[in-house]
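Per-entry structural report
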Amino acid sequence: MEVQIPLLTILLVLPFIGAIATLFMGGERAKSAKYVAGAFAGITALLSLLLFFANDLSFYDECYGWIDTAGLKMSFALGVDGLSMLMVFLTSVTVFLVILFSAAEKDRPNYFHTLILAMEVGLLGVYMAQDYFLFYIMWELTLVPMYFMISWYGGPRRHYAAIKFFIYTHVASLVMLIGIFALAFNAAAITGGGYLADFSFAAVAAASPLFGTTFQILVFGLLFFGFAVKMPIVPFHTWLPDAHVEAPTGGSVILAAVMLKMGSYGIIRVCLEVLPEGAVWWQPIVILIALLSIVYGAFACIAQTDLKKMVAFSSISHMGMVLLGIGCLSDAGVTFAIFQMFAHGLITTVLFMVCGLTGHNAGTREIPLLGGLAAKMPIYSAFMMFGFMASLGLPGLVGFWGEFGVIFSFYEYTVSIDMIWLIIFCLLSLLLTSGYYIWAMQRTLFGKETDKIDVAHVHDVSLSEGLALGVVCALIALFGLWPDLALGVIQTFSQGFISGVMI
Amino acid sequence: MFIEFSWLIPLIPLLCFVIIGFFGTKMHEGGGYLAIAGAAVSTLIAVLVSYEYWTSAAFASGVPYVASMEWFAFTSTTGSFVMNVGVYIDSLACMMMLFSSFISLLIFIYSVGYMSHEGNKKRRYYAEVSLFLSGMLGLVVSSNFLEMFIFWEIMGLCSYLLIGFWSFKHPEGDAASINAASAAKKAFLVTRLGDVSLMGGLFVLLYAFQSLDYTVLFDVNNIAAVDSNMIALAMLLVFGGVIGKSAQFPLHDWLPDAMAGPTTVSALIHAATMVKAGVYLTARAFPLFVQVEYVMLFVAVIGGVTAFIAATMALNNMNIKKVLAFSTLSQLGYMILGLGAGGYVMAIGIKHGDPALIAAGAAGYVAACLHMMNHAFFKALLFLGSGSVIHAVGTEDMRQMGGLAKHMPITSKTMLIGSLSIAGFPLLSGFWSKDLILESVMDAFTEPVGWVFVILWTLAVITALMTAFYMFRMWYMTFHGEEGHAAKHCHGESPRTMTLPLMILSVFAAASGLLILFGFGDTVCIGFDGTKFIVGNGHGHDAMYYLEHIFTNVYTYVTILLALLGIYVAYLMYNKKTLNPGRFNKEGQSFIYRLFANRWWFPEFYDQLSLKLGYGTACGVDFIDKQIIDGTVNGLSSSVVGGGEVLSRAQTGNLHSYAGVVVGGTIILAVIAVALFYFMGGI
Amino acid sequence: MIPIEFFLIFGGILFAIGAYGVLTKTNAIVILMCIELMLNAANINFVAFAAYNGDVLGQTFVMMTIVVAAAEVAVGIAILLNAYKSKKTTDVDELTTMRW
């Protein structure tokens, strides 16, 4: 008999060991913490690549008993499918690149890396969990390192931002927890088996067709609120710009590229899969707030003067696009929403790295103070332009496919409800997106060379930063030219995903 | 045997882009020679492919050569579609790739001289123009709308990069840098507006046809299965993209500003790539456009209005490149007008099954295609000529030029050929195509709402007069009369790499229109036999038809006379100086003069619109975000903190009050419990 | 046999006296004594119910209460001594430092 290697557990344990190891590398050894962290994150990333070559993802399915007492059943269950796999890949690669990018971190580097690796454990756990209790624990686990990341390594208003981030998203998670309890207890009641509450995905999924409509609508609301705050969507988004502005570059990248995806991941994984009738009832509202997020975020970007805040708002706009795809409740919508999640993860990695470089290398991120950077920092400018173009949806880069597919699915939906004009909002947002990016580029990279910053200290990207950016840009181009690479994986998950109730 | 490799045509410049982009600094001329070689190979392959296609059986039976492979497939419960990449070669594509690659090749050669002072910026220049060419050629050979759209956007990106080539470290200082950056932004955003519309059109088409392949979309049976209102909506949206890319009214305003880039880039944008893409798309999607006649009417009106408005703006502009830019707008308007008028007639013909009308409509298509090609040659010539002048005198202001003819004989003569050609001087290339377009507009007179076409025709004829006038105003102001301030410092004739392309182009600019007498109308044309659309062979007209049509029509002579009149007036005003232009415009104070000089106040309008509507809304949203939404969040948190502050006052520290509360609370609980028991009726 | 109501009324009176003392007296030592009264009121109830039900559990609880009360008095007086050392008073109205 072939011995199965518990790959998913290894994926989770490796960064955990790394986090512990770097935690104890104080004092003299702090300088080498980045090598240790890089090694652990690198091996994790390489192992996650293995999943790409798996014929059948259900092969990787691990379940260990955990808590089975007093009528409660919680297990340490891990598994991947087309949706999880992309997110796991995105997480592990992003974390590795962030460590590479932050090689120059001087302030307590060991703790910095501990926090990043701890976040990786939480994120991978969320994406691989097959048990709601594990899911929730991992979800909360991401919160704590991020809090310390912001409040230890952040900017001048870091304490405000960190507390706002923590409380805001924590309140949302608690609402989500109520929803999870409702699912678990109700599932156990329906399926029997002698449990008071059964937290496994399988049990809840099995009970799902028997959930009553009112129950579905209520629980959908609770869970959706919890996930939507994380995404975030308007009007529950205000923690995001503050958190991003204050967070260090590495934290911002992980926050935007991977952590926001937890929200949309949860909506697809829990809300849609388990509560289809609730989804149908909530659909108009979901669509409405998605459109609101898209247009609102895009308009808000135009008015920002902090480059990083602008990118943060653009995340809101683009995550609104993800929600729009989900809200269509069609195979195409979900498929391209997932693609958009993946695309946005790659692209914001570039964007936030570039913003971090602006602050670090040019001294300020205030757009009115900048100008003519293209002459001083050509490589930086090229990356910035690439990132902006990818984000505004230039065809041939990864961002285009997500937007194209989502808007097309939305068009299908508007035809079905006979309101084609709704599509105008999406098209308007595309235009606004180009508007703020191009305008920002005009004011930072081009024109008169600035005299408001210390020009003597302006320097271009370093080798490790350039390498990290280069890898992401290559991925953006690769998945842009060959979308099937990701679409094929997604379709193994999303094909036939939308159940009969929703059509 | 070559046609199988037609995918190489866009790929080779793309390869050049990558190589130059990474290694350009280590190459001679910043990779310029590689770019030239790439364009040359593309041209060569284009020639071979075109030759093979035009001698193939496919051409003889009026079908395109199509080869494609699957890119990605999407299947779902609601519908599935397959995205292909491939090539779609027909006469139109052949013509486009021939002149695009050939003119680009000449422009690249010219660039070696023109950009010689740019130092290490050359790498960026040659990389970007290679990508630009790749975008255009890719667009031409694409086999479906999505593939086309990708190249379409790549061209948008390249135009942004190239118009903003000097958006930092401009040789003339910071103000020019800011200007270039602003022009690049405008070009990108205005064309993006069109692109977004085009994308909307693609959604409608994709939904209606479940495919974006040309072969599927142009199939009559598939078209018949789709609601014609949907097609009309899709085509209007697609035409929105054309309006943006080909700079038609009302999105024309980016093109004059785009002059901030190097002159070679202007030549590339105006002659070989970018703006031609819009016209090409209209011609490419002709089978869909002609399904609904009012769409074509709209197209024609937009074209006619653009032609007229743009020509008026050119009348009193002092910048040599801007005059040419306006003339491009005007000529593009002609092409769109030709397509619109021809399409309108054809649409009515298809509706009524009238072969004569279909054939008449096809003539408009032929005329527009011919004009597109002719325009490519003479506009490339004129821009490169103006570049040669600017290179020599260091200014773009025509008032500072004058009398350059003796310093720059080759430039002067070649530009004269170009000017005559664009002005419609008899038997030069512009004459043929412009006259055919006017003819096809006249063909629509007898159709429903023919009066619209009477107006459009009148506008077009007046435009022809204005074209002749402003082109010769430009030529005389530049090359004749007294030497201006800058002309005194003229370096003399430009180097051979620059004059050689001029001379080659002047031959084509003079003669390309004659192709109409050698089978052009029979090759690049479209027909409809009731069951399918026929591209190319067999459904056009022969040379005699066109000769007869042109020279037996009295209005042809009117147009010729008007063109000659325009040239003569320009001669009197700017060479002989017997006629003072100031007499007609109150020395630049009249309303009309200011209207034209301010481009009908379009730039102000757009600036105000984007500032008030765009930025204003953005500031409003930002206010709401900071004050109301975030205000609520912060308010909630401070109310929690404040509430805690207030409630904590209850902790007085006095033992008696605590004990009192405990006892009081117990008593209240006991009372409630007793009351409950009482009202519930005991246990 | 004495009716159980007598014990209960006696316990109630004892409790009320204790509660009154706790609420009105300002000397901490008196308050501690009043608390003892209240505890013993509860003890009497326990013992009475235990005797009438023939169940020793109530008496067990009384043992428990006495032990806890002894410990509580020891701790309470120790705290009080410390408070008196630092504040020179046993008046609870003046010992109000443990507030917001």
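So, how was this worked out
Residues numbered from 1 in each chain as written. Chains lettered and ligands numbered in written order. Predicted model: local features only at pLDDT ≥ 70, side-chain atom pairs only at ≥ 80, totals over all residues. Helix = DSSP H or I, 4+ residues; strand = E, 2+ residues; numbered from the N terminus. Rg over C-alpha atoms; globule rule 2.2 N^0.38 Å. Buried ≥ 20, exposed ≤ 12 C-beta atoms within 10 Å, placed from the backbone. Contact = placed C-beta atoms within 7 Å. Domains from an automatic or database assignment. pLDDT = per-residue confidence, 0-100. Pairing = 2+ DSSP bridges. Nonpolar A, V, L, I, M, F, W, Y, C, P; charged D, E, K, R; others polar. Core = buried A, V, L, I, M, F, W, Y, C linked by C-beta atoms within 7 Å. Axes fitted to C-alpha atoms, helices over the stretch in contact; angles between N-to-C directions. Parallel < 35°, antiparallel > 145°, perpendicular 65-115°, else oblique. Left-handed = near helix turned anticlockwise from the far one by under 90°. Expected span 1.5 Å × (residues − 1).

Looking only at helices and strands, chain A features 19 helices and three strands. In summary, chain A has a C-alpha radius of gyration of 22 Å against a globular reference of 23 Å for 503 residues, a match within 12%. For chain A, the C-alpha atoms occupy an extent of roughly 70 × 60 × 45 Å along the three principal directions. Per-residue burial over chain A gives 63% buried out of 503 residues. For chain A, the proportion of contacts with a sequence separation of at least 24, taken over those separated by at least 6, is 79%.

A few words on the overall build of chain B. Helix and strand counts for chain B stand at 27 helices and four strands. Along the longest, intermediate and shortest principal axes, the C-alpha atoms of chain B span 115 × 65 × 55 Å. Buried residues in chain B amount to 57% of all 683 residues. By sequence separation, contacts in chain B at least 24 residues apart represent 80% of the contacts at least 6 residues apart.

It is common to give the size of an interface as the accessible area that goes away when the parts come together. What the domain assignment lists for chain B is domain 1 (290-597), domain 2 (598-650) and domain 3 (652-683). Inter-centroid distance (C-alpha atoms) of domain 1 of chain B to domain 3 of chain B is 98 Å.

Attention now moves to the arrangement of the chains. Here two pairs of chains are in contact, and chains A and B lead that list by number of contacts. Separating chain A from chain C is a minimum C-alpha gap of 23 Å, and the two share no contact.

Taken residue by residue, chain A gives an average pLDDT of 88. The fraction at 70 or more is 98%. Strand 1 (residues 61-69) of chain A is the least confidently modelled element of chain A, averaging 80 in pLDDT, while helix 12 (residues 307-327) of chain A averages 93, the highest of any element.

All names here are of chain A. If you walk across this open sheet you meet the three strands as 1-2-3, and the pairing is mixed. The open sheet has two edge strands, strand 1 and strand 3 (197-198), and neither has a second partner. Inspection of the sheet shows strand 1 paired to strand 2 (residues 72-79) by eight bridges, in the antiparallel sense. What sits directly across from Tyr64, in strand 2, is Phe76.

Moving on: the interface of chain A and chain B. Across the boundary between the two partners, chain A contributes 42 residues, which contact 42 residues of chain B. In terms of residue count, helix 17 (residues 423-444) of chain A provides more of the side of chain A that touches chain B than any other element does, nine residues in total. Tallied by class, the residues present in the side of chain A that touches chain B amount to 28 nonpolar, ten polar and four charged.

The subject of this paragraph is the confidence of the model for chain B. On average, residues of chain B score 86 in pLDDT, and 99% of them are at 70 or above. Scored by ipTM, the complex comes to 0.91, with pTM at 0.89.

Grouped together as the largest cluster of nonpolar side chains are 461 residues, with contacts concentrated most on Leu86 and Val350 of chain A together with Cys369 and Ala380 of chain B. Among the elements that make up this core, the one with the highest residue count is helix 17 (residues 355-393) of chain B (25 residues). Discounting residues that sit within four places of it in the chain, Ala380 of chain B has contacts with Ile103, Leu106, Ile107, Ala267, Ala271, Ala272 and Leu505 of chain B. Judged by nonpolar contacts, the second largest core, of five residues, contains Val22, Ala28, Cys34 and Val92 of chain C.

This part is about the environment of His491 of chain B. Structurally, the position occupied by His491 of chain B is in the loop between helix 20 (450-479) and helix 21 (496-511). Residues His491 of chain B and Asp622 of chain B lie 131 residues apart in sequence; the distance between their C-alpha atoms is 55 Å.

What follows covers the packing of helix 5 (residues 122-141) of chain B against helix 6 (residues 145-163) of chain B. Residue and element names in this part refer to chain B. Look at helix 5 against helix 6: their axes get within 8 Å of each other, and the N-to-C directions meet at 155°. With respect to helix 6, the element helix 5 is oriented roughly antiparallel. Judged by the sense of rotation from one axis to the other, the crossing of helix 5 with helix 6 is left-handed. Residues Glu128, Val129, Leu131, Phe132, Gly135, Met136, Gly138 and Leu139 of helix 5 form the contact with helix 6, whose own contacting residues are Met148, Phe151, Trp152, Ile154, Met155, Cys158, Leu161 and Leu162. When its residues are assigned to classes, the contact of helix 5 with helix 6 shows 13 nonpolar, two polar and one charged.

For the rest of this paragraph, the subject is the interface of chain B and chain C. Opposite the eleven residues of chain B that make contact, chain C presents ten residues. Examining the composition of the side of chain B that touches chain C, we find that five residues originate from one element, helix 27 (residues 655-680) of chain B, more than from any other. Taken together, the residues that form the side of chain B that touches chain C break down as three nonpolar, seven polar and one charged.

Compared with an ideal rise of 1.5 Å per residue, which puts 22 residues at 32 Å, helix 15 (residues 293-314) of chain B spans 32 Å between its outermost C-alpha atoms and is within 8% of the ideal. The buried fraction of helix 15 of chain B is high, at 19 of 22 residues.

The linkage connecting Val234 of chain A with the following residue, Pro235 of chain A, adopts the cis geometry, with an omega of 5°. With respect to the element layout, Pro235 of chain A can be found in the loop between helix 8 (213-230) and helix 9 (239-246). Omega for the bond connecting Phe249 of chain B with Pro250 of chain B falls within 30 degrees of zero, at 0°, which places this linkage in the cis form. Looking at the element boundaries, Pro250 of chain B is found in the loop between helix 10 (228-245) and helix 11 (254-257). Even without a glycine there, the phi angle at Gln210 of chain B is positive, about 55°. With respect to the helices and strands, Gln210 of chain B occurs in the loop between helix 7 (174-209) and helix 8 (214-217). A positive phi angle is found at Val449 of chain B, which is not glycine, with a value near 45°. Residue classification places Val449 of chain B among the exposed residues on the basis of 12 C-beta atoms within 10 Å.

Another point: the packing of helix 18 (residues 409-423) of chain B against helix 21 of chain B. Residues and elements named next belong to chain B. At a closest axis distance of 9 Å, the pairing of helix 18 and helix 21 adopts a crossing angle of 25°. Viewed along their axes, helix 18 and helix 21 adopt a mutual orientation that is roughly parallel. You can see that helix 18 and helix 21 cross each other, and the crossing is left-handed. Of the residues in helix 21, those in contact with Ile410, Thr411, Thr414, Ile417, Gly418 and Ser421 of helix 18 are Thr499, Leu502, Met503, Ser506, Ala509 and Ala510. In terms of residue class, the contact of helix 18 with helix 21 is made up of six nonpolar, six polar and no charged.

Residues and elements named next belong to chain A. Note on placement: Met25 falls in the loop between helix 1 (7-23) and helix 2 (33-52). Look at Met25 and you get buried, because 21 C-beta atoms sit within 10 Å. Sequence separation of Met25 and His457 is 432 residues, and the distance between their C-alpha atoms is 32 Å. If sequence neighbours within four positions are ignored, Met25 has contacts with Ala30, Ser32, Ala33, Val36 and Asn110.

To continue, consider helix 5 of chain B. Between its first and last C-alpha atoms helix 5 of chain B spans 28 Å; for 20 residues at 1.5 Å apiece the expected length is 28 Å, and the two agree. Of all 20 residues in helix 5 of chain B, 20 are buried; the element is thus mostly enclosed.

Before going further, it helps to examine the pairing of strand 2 of chain A. Residue and element names in this part refer to chain A. Hairpin remark: strand 1 followed by strand 2, antiparallel, with two residues in the connecting loop; positive phi at Ala70, about 50°. Of the pairings in the sheet, the one linking strand 2 to strand 3 comprises two bridges and is parallel in character. From the neighbouring strand, Lys73 faces strand 3, where its bridge partner is Asp198.

Time to look at the environment of Pro232 of chain A. Residues and elements named next belong to chain A. Of note, Pro232 is situated in the loop between helix 8 and helix 9. Given 26 C-beta atoms within 10 Å, Pro232 falls into the buried group. Spatially, the C-alpha atom of Pro232 lies 20 Å from that of Ile180, the residues being 52 residues apart in sequence. With residues near it in sequence (within four places) discarded, Pro232 still touches His237, Leu240, Gly263 and Ile316.

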